[in-house]
Amino acid sequence: MKQILTFNLLFLLLCGFNNTHAVNTVNQFVLINHEVPIYSDFVDNKIIDKIDLGISFYKTDQKGNRVQFEYKGQSVWIDQKDVGVITFNAKNFVDESVVFSELPIVSENDLWFAYKNKFYKMDLANKSNPDIQLKAALPNFSAMSATEDRSLLALTGDIKSNNTSILNVALYNTKRRIFSPLTYFYGDSTTMNSLEFSKDNRLLALYYTINDDEILHIYSTATKELLFSTHNILSFSWIDSNLILYTPKKIIMYKTKDGVLGEEITLYDFKKTMDNAPEMAKVGNQYLFQIEDIIYQYTNDGLVKTDFKSIERSPNGDLEHRSTETQKITSYKNKRLRSLSGTRPQWEFMSILDDTDIVYKHQNGAIFSIYIYNIETEKSLPYYWVEEPFYIFQDAVAVEFIIEDDSIFVLLESPGGWVKILPIHELLK
């Protein structure tokens, strides 16, 4: 009876976050404690596993002080005292919304951002005269990530109740304007590392930390069902829509088809237990891994050793950059570029733009400036306005956001050429 009263009290407390809005007709539940024991039967006291804070589910049954749901393909039971009900909606999702939030650039002609609860696309087909288009109205939120086509967003919302922090997570369909609660994390122990969609939009990875334990949950974006859960990992990544896990002992891949995770495939066994995930980069259409100073290429569901010196390279491999314990080396067709190499290079390497162009930083007195250096012409072109580029397009146009309170500026600059300073807060009034 005491456990029932405790659960009812907690349920009323959580409902207090939403005392003016309707609750979902089908209740979605969530674990509000960490390492919660689960049981095979509602009267059995033998613990079969312990599961993570923040896992959301729909109950299949309820008996006595326990609730039943599906977890990793089996029916399990959990004590009601460890369970909360998701009652938030778009109106009580966050205490205070961000004014501005930009998304990573995935197209050479598109720049997406949110400003004052509206979702915009800046069409950069003509970068010297961009066109801003309103695409959707958004609910209040704290942070967001998106599918590549921007049709689906993963939103987080921070709220505070009775001096307790709660992090809400929801999906938002930008075309149909549908807000779908996914889960929440109760308490102050959770750090959200990332929310990332698979390329086919069917899966969402929630990667978070509790007490130094790195945890990954994979949800179906269609059903909001938890498909996969694991912890004690170093990191994860997507190769298209295949899930890559980095554990202290090996690299694992799960192939996906129609939004379903396949069997576990070991891509690489580490020679020793690792503390950090190896570096991975996409160069052109290649996925490269740097493992113990050796570069591997992902090919045919496996890792193939290459003779590459670095994963920082141009698509055709002529340009490469790497660092050793004593020096930095930037080379073109295996020949060192002196200004970018040595123990203290004259230029500070930033990135490789394409097969012939390098982005670097140079200090002149107390002033740092960004430049583009072309290998074929052996000439550098400066950026006079852009200081911290958010992205540099293939045509060398750089973009930077400047945020001052509610004033938002977008800088677009062609090196040695034109500059466009767009006061977003003025243009979108």
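Each value, and the rule that gives it
- Residues numbered from 1 in each chain as written.
- Predicted model: local features only at pLDDT ≥ 70, side-chain atom pairs only at ≥ 80, totals over all residues.
- Heavy atoms only, no water.
- Core = buried A, V, L, I, M, F, W, Y, C linked by side-chain atoms within 4.5 Å.
- Buried < 20%, exposed > 50% of the residue type's maximum accessible area, 1.4 Å probe, protein only.
- Helix = DSSP H or I, 4+ residues; strand = E, 2+ residues; numbered from the N terminus.
- Contact = heavy atoms within 4.5 Å.
- Pairing = 2+ DSSP bridges.
- Axes fitted to C-alpha atoms, helices over the stretch in contact; angles between N-to-C directions.
- Phe/Tyr/Trp six-rings, centres within 6.5 Å; stacked < 30°, edge-to-face > 60°.
- Lys NZ or Arg CZ within 6 Å of the ring centre and 35° of its normal.

Looking at this structure, how should I read the nonpolar core?
If you look at soluble globular proteins, the nonpolar side chains tend to sit buried side by side. Judged by nonpolar contacts, the single largest core of 31 residues is most densely connected at Leu31, Ile51, Tyr71, Leu204 and Leu206. Per element, the largest residue contribution to this core is four residues, and it comes from strand β18 (residues 203-210). Once residues lying within four places of it in the same chain are set aside, the contact partners of Ile51 are Leu31, His34, Glu35, Val36, Ile38, Phe69 and Tyr71.

I would appreciate a short explanation of the sheet that holds strand β33 (residues 348-352) in the present structure.
What links the strands of a sheet is backbone hydrogen bonding, and the strands pair in either a parallel or an antiparallel sense. Strand order in the open sheet formed by four strands is β33-β34-β35-β36, and the pairing between neighbours is antiparallel. The open sheet terminates on both sides in strands that have one partner only, identified here as β33 and β36 (379-383). For this sheet the average axis-to-axis angle between neighbouring strands, irrespective of direction, equals 30°.

What is the right way to read the packing of aromatic side chains from this model?
Given two aromatic rings, their pairing is described by the distance between the two centres and the angle made by the two planes. Tallied over the full model, the rule gives 21 aromatic pairs. Where Phe88 meets Phe93, the ring centres are 5.5 Å apart and the plane angle is 50°; that geometry is what we call tilted. On the basis of relative accessible area, Phe88 is assigned to the buried category, the value being 5%. Taking 5.5 Å as the distance between ring centres and 25° as the angle between the ring planes, the aromatic pair formed by Phe113 and Tyr120 counts as stacked. Considered together, Phe113 and Tyr120 belong to a single accessibility category, that of buried residues. Just above the ring of Tyr39 sits the side chain of Arg66; from NZ or CZ to the centre is 3.7 Å.

How should the environment of Leu134 be read in this particular structure?
Along the chain, the position of Leu134 falls in strand β12 (residues 131-137). Classification of Leu134 as exposed rests on a relative accessible area of 52%. The spatial distance from the C-alpha of Leu134 to the C-alpha of Tyr296 is 43 Å, given a sequence separation of 162 residues. Excluding its chain neighbours within four sequence positions, the residues that come into contact with Leu134 are Lys118, Phe119 and Tyr120.

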